Structures are given as structure tokens and as C-alpha cells.
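Survey of secondary and tertiary structure
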Amino acid sequence: TIRPVRRSYYDPSSAPGKGVVWEWENDSGSWTPYDMDVGITIQRAYEKQHPWVDLSAIGFCYVIDFATMGQINRQTQRKRRVRRRLDMVYPLVSGTLPKSQSWPASPGAAAAPPLPACACPQCLLVMSVKATVSAPGPGTATLQPRKAPAVPPAAPKAPVPASGTKAPDSMATVRGSLKPLAAQGSRWQAASTPTLSSASSNASPPGAGSGKASRPGLGTLNRNHLQRLAIAQSRVLIASGVPTVPVKNLTGSSPVNPALAGITGILMSAAGLPVCLTRPPKLVLHPPPVSKSEIQSIPGISHTCRKTTKKQAKKGKTPEEVLKKYLQKVRHPPDEDCTICMERLSAPSGYKGPQPAIKPDLVGKLVKCGHVFHLHCLVAMYNNGNKDGSLQCPTCKTIYGVKTGTQPPGKMEYHIIPHALPGHSDCKTIRIIYNIPPGVQGPEHPNPGKSFTARGFPRHCYLPDSEKGRKVLKLLLVAWDRRLIFAIGTSSTTGESDTVIWNEIHHKTEFGSNLTGHGYPDINYLDNVLAELAAQGITEESLVQEKD
């Protein structure tokens, strides 16, 4: 699948330009940032002191109420909390990006007119560094003045000197300004740090062919030197009690990216700003390799594999016979609405679909929860569902009977591996492997007869091999047998329809990290998944029913 990508630049006066991030609270209680364009729209209305902003103009059916800091869904009226957070400023430029410009090739050539100064934080930082290192002062290395044509301050390349002279190294200048800071460190730090010197190397020998001077600045600062220099500077600053500003390292395996982060730290140090380099955590999806001899079966659970086949249609009982087990007839309906058809219970059912063989004015009450509906509406709801002999109250979600799903055929494997999950160092790990092949949808699926895809299989999931972890596994086996782990629908991540998706029972698919929220440590996960299983009608009582 090929999708287009693009890169956008935002005005410094916008929300990302000011480091403002707008976020909404999701169902798990954590905060999710709005898309950049949505955040800019919200921030613009917030700065104009509007009481609220309607996002329908940009394609979202939400209203943001600044008085209560809430997001209101205009269709369902559901409300979520929102918050405004200050973050690090987004890398910005204003207007179009200027093209790179070279200096005149000789002192007699005319210099190009200076471009307008850029107002982005990076350019402001570089300009402040230039101003710092060019002004002589205590602890600052200065350069000998040289005769050269006046040049614009923002041009990226150094002028080409006359033959036989050595151009001053701009990085040597920055390093020279850092020398007093490095001198404050210990001898070990000085020994592990590249030599800091403001003096240029000796001039090129007479008779150099091209007239170009050697430029050791960036060429000699390899990845290790940059990291050592940045670490030494941050240690000096931390030891002196100066609070540090984190500069996140860029992701990637190329040595250029860490070098850019190191150069940024050097420039900030030269400008008098404290720096502390950090490296982002890595995504760890799978455990270290495990041999077959290290894999163990789980005590108390027979076998290490469970398969499901195509659903077999149940014969015999009609919808009326199924509902009769869960209902009591109500002769005098209460003065309220049926929550299925939204008509009064004292009036006939408002259902307009295929008419069941039952009178539309009969009313029944569910025996467990006590909610009252038209029998006509309940029969129609059952016919539009899975028709598995179970019923779920549309008001409180109480389940009557044994609920089953529409999971396509597949295989579930489970065993113990000799590695510990983050936050569960006292036990080994239960690994679950789900494998569902693509196929053709059956009569219980959204589009019978149409093929469906199965992306990302086999899917590996992890549980701690603790008492509660084994309990969760046993209940997941019941959910698998009842075909409730997966379903066929539209993926919320890719937007693909007619594909296998998770079915409201969350699994942990990261082994050694928790960058996506689907890993460990997560102290509430086992309790949360037990609650999700209970919402599907799977509890410890289900284990007894399965044995029977």
C-alpha cells in the first residue's frame, strides 16, 4: 500500500509555534493530543477569548467549551475533558524556505543582498551564539580579525580565503567558548572529551593546489566525540546546580542524527543555556529468542493450543421461545418510553422493519435487570443479532444466556517463556500467539460471501505468569471458544474494511516497552481486562460452566 506524505510548516504565532498542545481525555484516562490543525483552531479561538468553538467547520462534530474545558459531541452529547498544555516549541519557519546561498568566490565579487532574518527558534539560537562568541569577554576565546568583504549574518557557508591562508573554523570558535566550562569538570571528563581549542591549525603549506583550506571542524567531530563532549558539559552543569533543559535525540540508526543533537547541545552551551542530552526509548515488541526446549506448558491448563472452526447454526428454538426464558409479561405497562423504538410502552411498538409473529402492543420485563420493552422490539433486536440463544439488555448490557461472537476460524497457542515483563520481574511470561488466516465471510458476518483480510497475524500477546495472569489466560480461553476475541469490521488504525479486528478485549502486544500503551509496566491492566471480560459475560462462573 502506497500513501502520500507531506511536510507542513506552521506560523510562529500559531499553537505549535508557541509550544501549546491541546489534548482530550480518552476512555482509559490518559490524554491524547488533537491533530495539529485542530489544535491551531482551538488555540486561535482561545486567544480571542471566545466562550466556545465549533469544530464542524473543519469536519468534526464537536464543540469545545472553554468555561468547563470540555469537548461535547454534538450528536451524542457525550462530554470529555480537554486541557491546554505547554510543550517544547515545534520547529518552525515563517513563509517559504530560502534557498542555500554561497559566498562570493573572490574578494572582488559582489555579495548578494541579505535575506530577511528568519524568526524560527533555531535561527534565533544560532544568531545568539554568534553574538556570544564574537563579543570578547571573560572566558571567551576571540579570533584574530581578518580582512574579508562584509557578509550577511545568516549565510550558511564560510568565505573562501586567499591561497596560503587558513580560514578560521566556526566550530573551533564554538569549542573555544566552551573551554572554560569544560575546565570546571573533573580530570576524567577532560580525558574523555575532545580537545577544546580556539586556535586554528597551521596555515596550509605554500603551493597548495586548489587554494582551499582544510576544514577540520565538522569532519573531526565524529559521533563518539560529540556524545562525550555533550555528556561532559551536562555533567559540569548538573554538578554546578544549574537546572538542565532536555534536548531529545533524533530517532534513527544513522550517526548523523545523534550528531545533530550533539551540535545543538554544543550551540546551546555556547549561548549559556544548560543542556542535557537524552535518548528516546526504543520499541521492544518481542522477547529475546527462545528455543523449543525453554518453552513450558502452563500448569493447570491442558494442551498448548486451541482451535476454532466455522460457526454451526443452531436449530430448533424460535426467537419467541428464546425470549420466553428471560422475560415476564407486563399487563400494565409503566408510563415511560421503550428504549428500542422510543415509543411509549402503553402504545404499540414503533418498529417498522420485518414484522415478527407477535402482537406489537405486548410488553415484557427482563427478569434480572427489570428493564421493560415491547416484546415486538425485543424479537426484532434478537433477529438482527447473532441468534445464538443469548440476549443482552440494550439499556444496562446485562447478558442473558451465553453470549458468543462472530470470530472467524483460527488458532490460539499459549505457553511460558523464561523472560520477565517490565514490572513483573518476580515471574516468567505467558506468551499467547493468535493466528487467523484470511477467508470468506459467513452468514453471521457484515458482508456474507465477501472475502476478508487478516493483517498482522500471527499476533503475539503477553501476560505475567502470576496467579492473576493465569486466571486471565483461562478466561481468555473461554472468550476464544465463544469467538469473542476478534471480529470482522473496519480497522480503526488503517481504515480498512472487511478485515479482522480486536473485539473490545484489550491485549498487550509489546513485550519490553510501553510506548504505544499496549505494553508493560501497567499496574491496572489485569484488573481492566478482567472487567472487559466480565462485560462480555465471562467470569469465574464461566470456568465452572465450561467444565460442566
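Residues numbered from 1 in each chain as written. Predicted model: local features only at pLDDT ≥ 70, side-chain atom pairs only at ≥ 80, totals over all residues. Heavy atoms only, no water.

Looking at an unreviewed UniProt entry, one finds the protein named E3 ubiquitin-protein ligase, with Cepphus grylle as its source organism. The Sequence similarities (unreviewed entry) field of the UniProt record for the protein holds the comment "Belongs to the Deltex family." The protein has a UniProt comment under Subcellular location (unreviewed entry) that states "Cytoplasm". (UniProt positions renumbered as here; feature names shortened; annotations may be inferred.)

1. A word on the nonpolar core
Ranked by size, the top nonpolar core spans 40 residues in total, and within it M412, I432, Y434, L463, L473 and L476 carry the most contacts. When residues of this core are traced back to their parent elements, those giving at least two are β15 (410-417), β16 (429-435), β19 (459-464), α10 (467-481), β20 (486-489) and α11 (525-535). Top contributing element to this core by residue count: α10, with 8 residues. Setting aside residues up to four positions removed in sequence, L476 forms contacts with M412, I432, Y434, L463, I485, I505, H507 and L533. Residues C341, V372, F373 and L378 belong to the second largest nonpolar core, which totals 19 residues. (Core = buried A, V, L, I, M, F, W, Y, C linked by side-chain atoms within 4.5 Å. Buried < 20%, exposed > 50% of the residue type's maximum accessible area, 1.4 Å probe, protein only. Helix = DSSP H or I, 4+ residues; strand = E, 2+ residues; numbered from the N terminus. Contact = heavy atoms within 4.5 Å.)

2. Focus on helix α1 (residues 36-47)
The end-to-end C-alpha distance of α1, which contains 12 residues, comes to 16 Å, matching closely the 16 Å that a straight helix rising 1.5 Å per residue would cover. All of the buried residues in α1 are V38, G39, I40, T41, I42, Q43 and A45. Those residues of α1 hidden inside the fold are in contact with β1 (20-25), β3 (52-54), β4 (62-65) and β6 (79-86). (Expected span 1.5 Å × (residues − 1).)

3. Let's talk about the pattern of salt bridges
Within the structure shown, the criterion is met by 18 salt bridges. Where E23 meets R85, a salt bridge forms, and the shortest distance between an N and an O atom there is 3.0 Å. In this pair, E23 sits in strand β1 while R85 sits in strand β6, placing the two residues 62 residues apart along the sequence. You can call E23 buried: its relative accessible area is 5%. Residue classification places R85 among the partly exposed positions, given a relative accessible area of 27%. D465 is paired through a salt bridge with R470; the nearest N and O atoms lie 2.7 Å apart. By relative accessible area, R470 is classed as partly exposed at 24%. Here the salt bridges do not stand alone but share partners, grouping E23, R83 and R85 into one network. (Salt bridge = Lys/Arg side-chain N within 4 Å of Asp/Glu carboxyl O.)

4. Let's talk about the packing of aromatic side chains
Aromatic ring pairs are defined here through the distance separating the ring centres and the angle between the ring planes. Counted under the stated rule, the structure contains 11 aromatic pairs. On the numbers, 5.3 Å between centres and 70° between planes, the contact of W22 with Y46 is edge-to-face. Of this pair, W22 sits in strand β1 while Y46 sits in helix α1, and the two are 24 residues apart along the sequence. Owing to a relative accessible area of 2%, W22 belongs among the buried residues under this scheme. Judged by its relative accessible area of 34%, Y46 is partly exposed. (Phe/Tyr/Trp six-rings, centres within 6.5 Å; stacked < 30°, edge-to-face > 60°.)

5. Some remarks on the sheet that holds strand β10 (residues 327-329)
In spatial order, the strands read β10-β11-β12; together these 3 strands make up an open sheet with antiparallel pairing. Both edges of this open sheet fall to β10 and β12 (372-374), since each of them pairs with a single strand only. Looking at each pair of strands side by side, their axes are set apart by 40° on average, direction ignored. Judged from the 3 bridges that link them, strand β11 (residues 363-366) and β12 form a sheet pairing that is antiparallel. (Pairing = 2+ DSSP bridges. Axes fitted to C-alpha atoms, helices over the stretch in contact; angles between N-to-C directions.)

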